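# Report on the structure
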Amino acid sequence: MLEPTDFSGLPTPLRWIEGLPAGGPPQPAACTDQRGLLSAAIDGELTPTERATLDEHLRSCPSCRVALAMERETKALIQRRAPRVSAPPELVDAIRRLTRPESRPDT
C-alpha cells in the first residue's frame with residue numbers, strides 16, 4: 001500500500017504533486033465549474049454541450065489539463081488496486097423491485 005507521502009509508484013503525471021500542500025495547487029476561479037466536470041468527462045457522463053465546453057477550456061488551461069491527468073490516473077489506480085465484490089443476489093433483486101416504476105409511490 002502506498003503511504004500518503006510515497007509517490008514513487010505513481011505514474012509520471014502524478015509525481016509532480018509531491019510536496020504540494022493538501023488540496024493541490026491553488027485553483028483559479030475560472031476553473032471551478034470545469035474541475036467539477038472532470039470525473040464525469042472521464043466516465044463519459046457529460047452531455048455533448050458540457051463536453052464541448054470542457055474541451056474548449058482544457059485547450060487553454062494547463063492547470064486543468066494536469067488535474068484531468070491526475071483524475072484519470074487516480075481512477076486507474078483505484079481500478080487496479082480496489083478489490084472487486086459482488087452484491088448478494090437477494091440485494092440485487094430487492095433493489096430491482098424497489099426501482100421499478102410500478103413500485104414507486106405516486107408523487
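Details of the structure are given in the entry above.
Below is a summary of the structure that appears in this document. (Residues numbered from 1 in each chain as written. Predicted model: local features only at pLDDT ≥ 70, side-chain atom pairs only at ≥ 80, totals over all residues. Heavy atoms only, no water.)

In this structure the tally under the stated criterion is two salt bridges. Notably, a salt bridge pairs Arg51 with Asp55, separated by 2.9 Å at the nearest N-O pair. In this pair, Arg51 and Asp55 both sit in helix 4 (residues 48-60), four residues apart, roughly one turn of the helix. The exposure class assigned to Asp55 is partly exposed, which follows from its relative accessible area of 26%. (Salt bridge = Lys/Arg side-chain N within 4 Å of Asp/Glu carboxyl O. Helix = DSSP H or I, 4+ residues; strand = E, 2+ residues; numbered from the N terminus. Buried < 20%, exposed > 50% of the residue type's maximum accessible area, 1.4 Å probe, protein only.)

Further remarks concern the side chain of Arg35. Here Arg35 shows up in helix 2 (residues 32-35). One buried charged residue, Arg35, remains without a salt bridge, the closest side chain of opposite sign being Glu71 at 9.2 Å. At a separation of 2.5 Å, a polar atom in the side chain of Arg35 contacts the side chain of Ser63. (Lys, Arg positive; Asp, Glu negative; His and termini not counted. Polar contact = N/O pair within 3.5 Å; in protein donor to acceptor, adjacent residues only side chain to side chain.)

With that out of the way, let us pick up the nonpolar core. Cys31, Leu37, Leu38, Ala40, Ala41, Leu46, Leu54, Leu58, Cys61, Cys64, Ala67 and Leu68 form the largest nonpolar core, which has twelve residues in total. For this core, the elements supplying multiple residues, two or more each, are helix 3 (38-42), helix 4 and helix 5 (62-81). Excluding anything up to four places from it in sequence, Ala67 contacts Arg35 and Leu38. (Core = buried A, V, L, I, M, F, W, Y, C linked by side-chain atoms within 4.5 Å. Contact = heavy atoms within 4.5 Å.)

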